[in-house]
Amino acid sequence: VQLQASGGGLAQAGGSLRLSCAASGRGFSRYAMGWFRQAPGKEREFVAAITYNGRDTEYVDSVKGRFTISRDNAQNTVYLQMNNLKPEDTAIYYCAADRRPTIATMTASDYDYWGQGTQVTVSS
């Protein structure tokens, strides 16, 4: 499967952005999906994950209550709605697919496919 992330950009603190990750190829509905981010000079960090059917999600503590991961299997797309953005959310955001459909894993090495990333910049 190939993943294409989009929707990044510049936002002010307190603002919102919605990231999308479109998947091409077969079997999207059988993958768990995740979002990760990497800020300059920092390691890649888990943000959110969702199981194949959307019933289970996981979030890093720093985004709980502000970010929401969702998916539309008919559109082969996973979303990350980001509200109340903070300057510390500035990073390149990556989507990833895990062939284990029922596990919303927070571990980057568990994911099998990665998108190219989309830049999110939050100004104070």
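Preceding this paragraph is the structure being described.
As the structure is a computational prediction, the values presented were derived from the model and not from experiment.

Engineer: Would you take a moment to explain the sheet that holds strand S8 (residues 77-82) for this structure?
Structural biologist: Across the sheet, which stays open at both edges, the four strands sit in the order S1-S3-S8-S7 with antiparallel pairing between neighbours. Each edge of the open sheet carries a strand with a single partner, namely strand S1 (2-6) and strand S7 (67-72). Here the strands of the sheet are splayed against their neighbours by 15 degrees on average, with no regard to which way each runs. In terms of strand pairing, S1 meets strand S3 (residues 17-24) through five bridges, oriented antiparallel. Counted as the bridge partner of Ala5 is Cys21 from S3.

Engineer: How do you make sense of the pattern of salt bridges when you look at a structure like this?
Structural biologist: In this structure the tally under the stated criterion is seven salt bridges. Ionic pairing is found between Asp110 and Arg100, a salt bridge with its closest N-O pair at 3.2 Å. You can see Asp110 sitting in the loop between strand S9 (91-98) and strand S10 (113-114) and its partner Arg100 sitting in the loop between S9 and S10, a full 10 residues away along the chain. Judged by relative accessible area, which is 34%, Arg100 ranks as partly exposed. Residues participating in the shared-partner salt-bridge network are Arg37, Glu45, Arg66 and Asp89.

Here is what the cut-offs are and how they apply
- Residues numbered from 1 in each chain as written.
- Predicted model: local features only at pLDDT ≥ 70, side-chain atom pairs only at ≥ 80, totals over all residues.
- Heavy atoms only, no water.
- Pairing = 2+ DSSP bridges.
- Helix = DSSP H or I, 4+ residues; strand = E, 2+ residues; numbered from the N terminus.
- Axes fitted to C-alpha atoms, helices over the stretch in contact; angles between N-to-C directions.
- Salt bridge = Lys/Arg side-chain N within 4 Å of Asp/Glu carboxyl O.
- Buried < 20%, exposed > 50% of the residue type's maximum accessible area, 1.4 Å probe, protein only.

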